[in-house]
Amino acid sequence: MNLPLIGDGINHMWDIRLVIDMFLGGAAAGAFVLAVVASFSFGWASTASLRKAAGIFSPLAMAIGLAALASELSQPGRSYLSFTSFQFTSLLFWGSWIQLAFLGFAAIFGIMALGWLKAGDGAVKTVGVIGAALGIAVAVYHGLYLADFGRSIWAAGGIPLLLPISALATGAAALTLWLAATGNKDSYIRSLVKAMLWSSIAMLIGAAAYLFGLSNAGTTGGEGASVLFENFATMMWIGIFAVGVLGTLLAFLGINRVQPGGGSGSLAMPAIGALLILTAGFVLRYVVIMGGQLLPSLPIT
Amino acid sequence: MPRYGMVMDVRRCTGCQACTVACKSENEVPLGVFRTHVRNYETGKFPDVRRTRLPHICNHCSEPRCVKVCPTGASVKRDDGIVYVDYDKCIGCKSCMAACPYGARFMHPVTKVADKCTFCMHRVDAGIVPACVNTCQGSTRIFGDMDDPDSEISKILRSKNTAVLKAAEGTGPQVFYIGAATTGETPVSEEIDEVV
């Protein structure tokens, strides 16, 4: 066996706080986008409770995520420099502004939804549309940020597509869980569970396609796939696929029990499914982010 | 304006790590992290086993990814090619560490900012070679202005076959290796992937 005598060639950069940031940021973005799309689809009058849920959850989750990210910086007191240095070649510079802008618009949207700020329909819709656009940008940014580093686990398997899909699934799950907890009985609730169901199916298929694509992406991709399977096999099979499939199955089985105006227990099964889908989404991001850091910067065999 | 680079003549390296110690002493690099070190490999199969070495250092790339991804401009490439960290601007996001294909960067455990080899630019600016070059007993490391046709490094680059680490990454390393690619199917030859 050939081993270097000094160092393992592996740079460990980030801990679980980056996972928390990307998970909560993705779920916040997904929930916000879904709430705005649903409002346009089902009418703004009948989806007030959904906007209220997204208006509270999204800025709160985004703020907690950004706080986790800021605490991960070794010089958090200087984090303002990432906004004021205008390094246009850096995705993190763009991401800092995009995430801050999304947080701002989501917060204003939430304040409007709670009725603390009186505004006309036009203003609410404008804030919602801009916030949704920024939410999509946040979800896409997470994937592009990782892919930009050129490490195979982040760059060779379609992560920039997988993370936005996962954001949508976890956002739908977060909203479902929130509305179940608050005993919501509105007419759109069944469609929300359907959105969670289909987006979680897309997330699971996307995760499988990602692993397949990574395994077949040449030598470096294969090396990345090996790192994932050697270090995270149990976590992947159980945490992402078994838990994700179970959550999706519960959402599927629970849809017919979801009745607008139904009893408080009608959302129980989809709510448990939502919890499992959130878990799968978190584990997916954990495996991807931690796995990418396990790739040695120089080959060691 | 000079354009600095370094040649590592691996054939002359004994793996004594004097460069590692000199660098740590000169730049007050703490325990556990390195701006440069010599990596040792055992290669081949018994009875044809040998020890090979590969000195590692920041490659001061002509297209440095660390500079591109830095959100605050803390990672800087000087006109003479030296890539360094402006410690007062570093927020410790570690993006540069993720972007460097060579693992040349680390978080300084005391100052809590990204750190790396600077080619000892404080010495270079004073007209002195980097500490690792100064201390190398076998003259493995040759440092100088690659745009000066009379410099030793220019003459070597013109007359010898040299290789760079991970050329396929497209970062344009300015640290060149002699003799490292002659060890056959080894980890070293995996790193050295293009003779220039």
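Details of the structure are given in the entry above.
Residues numbered from 1 in each chain as written. Chains lettered and ligands numbered in written order. Predicted model: local features only at pLDDT ≥ 70, side-chain atom pairs only at ≥ 80, totals over all residues. Heavy atoms only, no water.

Undergrad: Report on the packing of aromatic side chains, specifying residues and quantitative values.
TA: The description of two aromatic rings rests on the distance between their centres and on the angle between their planes. Taken as a whole, this structure holds 21 aromatic pairs over all chains when the rule is applied. Plain terms: the ring middles of Phe32 of chain A and Phe102 of chain A are 5.6 Å apart, the flat faces sit at 85° to each other, and that makes the pair edge-to-face. A residue pair is termed long-range when its members are at least 10 positions apart, and Phe32 of chain A in helix α1 (residues 16-42) and Phe102 of chain A in helix α4 (residues 91-113) qualify at 70 residues. One exposure class covers both Phe32 of chain A and Phe102 of chain A, and it is buried. For the ring pair Phe119 of chain B and Phe143 of chain B, a centre distance of 5.0 Å and an interplane angle of 75° mean the geometry is edge-to-face. In this pair, Phe119 of chain B is assigned in the loop between β7 (114-115) and α4 (121-124) and Phe143 of chain B in strand β8 (residues 141-145), connecting sequence segments 24 residues apart. Grouping residues by exposure puts Phe119 of chain B and Phe143 of chain B together as buried. Connected via pairs of aromatic rings, a cluster forms that spans Trp14, Tyr141, Tyr145, Phe149 and Trp154 of chain A. (Phe/Tyr/Trp six-rings, centres within 6.5 Å; stacked < 30°, edge-to-face > 60°. Helix = DSSP H or I, 4+ residues; strand = E, 2+ residues; numbered from the N terminus. Buried < 20%, exposed > 50% of the residue type's maximum accessible area, 1.4 Å probe, protein only.)

Undergrad: Any details on the interface of chain B and chain A? Residues and values, ideally.
TA: How big an interface is tends to be expressed through the accessible area that disappears when the partners come together. Every contact between the two is made by 44 residues of chain B and, on the other side, 34 residues of chain A. In total, about 3100 Å² of surface goes out of reach between chain B and chain A, with carbon and sulfur atoms giving 53% of it. Here chain B and chain A share 2 salt bridges between them. A salt bridge links Lys68 of chain B to Asp148 of chain A, with the nearest nitrogen and oxygen atoms 2.9 Å apart. Inspection of the chain B/chain A interface yields 16 residue pairs in polar contact (both at pLDDT 80 or more). Mapped onto the side of chain B that touches chain A, the elements with two or more residues apiece are β2 (37-43), β3 (50-56), α2 (65-69), α3 (95-99) and α7 (187-191) of chain B. Counting residues per element, the side of chain B that touches chain A draws most heavily on β2 of chain B, which supplies 7 residues. (Contact = heavy atoms within 4.5 Å. Buried area = accessible area lost by both parts, 1.4 Å probe. Salt bridge = Lys/Arg side-chain N within 4 Å of Asp/Glu carboxyl O. Polar contact = N/O pair within 3.5 Å; in protein donor to acceptor, adjacent residues only side chain to side chain.)

Undergrad: Run through the environment of Ser82 of chain A, naming residues and quoting values.
TA: In this structure, Ser82 of chain A sits in helix α3 (residues 81-84). The buried category is assigned to Ser82 of chain A, whose relative accessible area is 5%. In this structure the C-alpha to C-alpha distance between Ser82 of chain A and Ser41 of chain A, which are 41 residues apart in sequence, comes to 38 Å. Not counting residues within four places of it along the chain, the set of residues in contact with Ser82 of chain A comprises Phe93 and Ser96 of chain A together with Pro71, Thr72 and Ile91 of chain B.

Undergrad: So what's going on with the nonpolar core? Residues and values would help.
TA: Ranked by size, the top nonpolar core spans 105 residues in total, and within it Phe102, Leu146, Trp154, Tyr210, Leu228 and Ile240 of chain A carry the most contacts. When residues in this core are grouped by element, the largest group, 15 residues, is from α1 of chain A. Apart from the residues within four sequence positions on either side, Ile240 of chain A is in contact with Leu204, Ala207, Met235, Val245, Ala280, Val283, Leu284 and Val287 of chain A. Grouped together as the second largest cluster of nonpolar side chains are 28 residues, Met6, Cys13, Ile82 and Tyr177 of chain B included. (Core = buried A, V, L, I, M, F, W, Y, C linked by side-chain atoms within 4.5 Å.)

Undergrad: Any chance you could break down helix α1 (residues 18-27) of chain B for me, citing the residues and the numbers?
TA: Residue and element names in this part refer to chain B. Inspection of α1 places Cys19, Thr20, Ala22, Cys23, Lys24 and Asn27 among the buried residues, and these make up the whole buried set. Check the buried side of α1 and you find it contacts β2, α4, α5 (131-135) and β8. Glu28, located one to two residues past α1, shows a positive phi value of around 50°.

Undergrad: How would you sum up a nonpolar patch on the surface? Please name residues and give values.
TA: A cluster of nonpolar side chains, Phe86, Phe88, Trp94, Trp97 and Leu100 of chain A, forms an exposed patch at the surface whose accessible area comes to about 550 Å². On the secondary structure map, Trp97 of chain A appears in helix α4. (Patch = residues over 30% accessible without salt bridge, like charges linked within 9 Å, V, L, I, M, F, W, Y side chains within 5 Å. Areas by Shrake-Rupley, 256 points an atom, 1.4 Å probe, with all protein chains shown as cover.)

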